[in-house]
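Chains, contacts and geometry: an overview
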Amino acid sequence: MAELLPQELRVLVAVAERGGFSAAAASLGLTQSAVSHSVRGSEAKLGAVLFERGRTGASPTPAGERAVGHARRILRLYEVMGAEARGAGGEAAPAALDGVLRIAAFRSAALHLLPPALERLTARHPGIRPEVRVVRELGAGAAGEVAAGRADLGIATLGVAQGLPPGLLSGVLVEEAYALVHPAGHPDPKALPLMDWDENCGSYTRTWWLAQDWIPRATVKAEDDAMVLTMVGRGLGMAIMPELSLREATGAVDVTGLGPEGPVRRVGYVTTPESAATLAVRALIRELRAVSG
C-alpha cells in the first residue's frame, strides 16, 4: 500500500474539520478540485471510502474517522520532532523542552489534578505552553480526544465499561472513593431524593449501586457535578460523588464516607504510544505522578 504524503494528511484533516471540500480548500489555499483529487488519491491508497459526500458538505465515514485521527497524530509527530530536534542539548546539556502541549481532561480533573502538575512542569520547562481543553466524560471523552489526535495526553476515568479506544496507553494516577454528600445538619439525608448528572461515574460502579437498597432512583438531574453540589447545599437532595468533585464542597454540605466496601473510581492519564515517547509528555506524566502520589 502506498504511503500518504504529509500534504495528503493535511487535506484529510482539513476536510474533516471544515466539513467540506470547498471550505477545506479555502483554509489550505488550494482549489476545490485539488482537494477532491487529493482525497480520491488517499482513498485509493487506503482502499476505503473516507468521506460521505453530500449537497451540504462532506463528513467522515467510520474508516475516515480512523484515518483522520491517525493523520492528526502523524502531523503532530512532525511538529514534535522539529521542537525536540531544535531543543536538543549537547552531551553536557539536557534537552530544552518547548512548544505546545495539548491536554484534554474532564472538569474536576482539570481543576484539581492538572494545575499543580502544570505548575511544576512549566517551572522546570518554561518553554512548554500547555493548552488544556475541558471535555465532558461522556462517550469517548478525554480518551477519545487522544485517539482522534486532538490531544497529546488525556486525563480520564479508567476501567469504564466501554474501555479505551484501541492502541492507547494508560496509567492510574489516583484511586478516589465515593462519599455521600447531603445538606449540612439534615436529620435524615437518606430520605432525600437522589441527585445525579450525566457524567456521573456511578455507572462504572453499577454492581455496588444495585446492591444498596437505601439508594433511590435518581429523581433530580443536574448539568454537572458543581451544580449537584450547589443544589445539595440548598437542601434539594443528596448525592453520591467522587472525591475530586467533593474538593469544591462548602460548609453548606456534610460528607459521609461509604466505608471500605464503597465504590472507588480510578483516574489516570491516557496517551498514544508515539506521544508517550516524547519528552514533553513523559515530563508531564512524571509531574502528574509526583502530585498524585
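To be clear, the structure that these remarks concern was listed above.
All values reported here derive from a predicted model rather than from experimental measurement. (Residues numbered from 1 in each chain as written. Predicted model: local features only at pLDDT ≥ 70, side-chain atom pairs only at ≥ 80, totals over all residues. Heavy atoms only, no water.)

Core analysis: the biggest nonpolar cluster contains 26 residues, and Leu-101, Leu-153, Ile-155, Leu-284 and Leu-288 have the highest contact counts within it. Secondary structure elements with two or more residues in this core: β3 (98-105), α5 (107-112), α6 (114-124), β5 (153-158), β6 (169-183), β11 (264-271) and α12 (279-292). Sequence-distant contacts of Leu-153, defined by excluding residues within four places in its chain, comprise Arg-102, Ile-103, Ala-104, Val-146, Tyr-269, Val-270, Thr-271, Val-281, Leu-284, Ile-285 and Leu-288. In terms of nonpolar packing, the next biggest core, distinct from the first, is built from 19 residues, Phe-51, Ala-58, Val-68 and Leu-75 among them. (Core = buried A, V, L, I, M, F, W, Y, C linked by side-chain atoms within 4.5 Å. Buried < 20%, exposed > 50% of the residue type's maximum accessible area, 1.4 Å probe, protein only. Helix = DSSP H or I, 4+ residues; strand = E, 2+ residues; numbered from the N terminus. Contact = heavy atoms within 4.5 Å.)

According to the stated counting rule, one finds 1 aromatic pair in the structure shown. For the pair Phe-21 and Phe-51, a centre-to-centre distance of 6.4 Å together with 90° between the ring planes defines the contact as edge-to-face. Of this pair, Phe-21 sits in helix α2 (residues 21-28) while Phe-51 sits in strand β1 (residues 51-54), placing them 30 residues apart in sequence. A relative accessible area of 11% places Phe-21 in the buried class. (Phe/Tyr/Trp six-rings, centres within 6.5 Å; stacked < 30°, edge-to-face > 60°.)

Looking now at the environment of Gly-57. Considering the arrangement of structural elements, one finds Gly-57 in strand β2 (residues 57-60). Residue classification places Gly-57 among the partly exposed positions, given a relative accessible area of 22%. Residues Gly-57 and Val-11 lie 46 residues apart in sequence; the distance between their C-alpha atoms is 15 Å. Not counting residues up to four positions away in its chain, the partners in contact with Gly-57 are Gly-19, Gly-20 and Glu-52.

Turning to the pattern of salt bridges, a few remarks are in order. For the coordinates displayed, the defined rule picks out 16 salt bridges. Among the salt bridges present, the one from Asp-152 reaches Arg-76, with a minimum N-O distance of 2.9 Å. With Asp-152 in the loop between α7 (141-147) and β5 and Arg-76 in helix α4 (residues 62-87), the pair connects residues that are 76 residues apart, well separated along the chain. Both residues of the pair, Asp-152 and Arg-76, count as buried. Among the ionic pairs, Glu-176 bridges to Arg-265, the shortest N-O distance being 2.4 Å. (Salt bridge = Lys/Arg side-chain N within 4 Å of Asp/Glu carboxyl O.)

The analysis is restricted to geometry; functional conclusions fall outside its scope.
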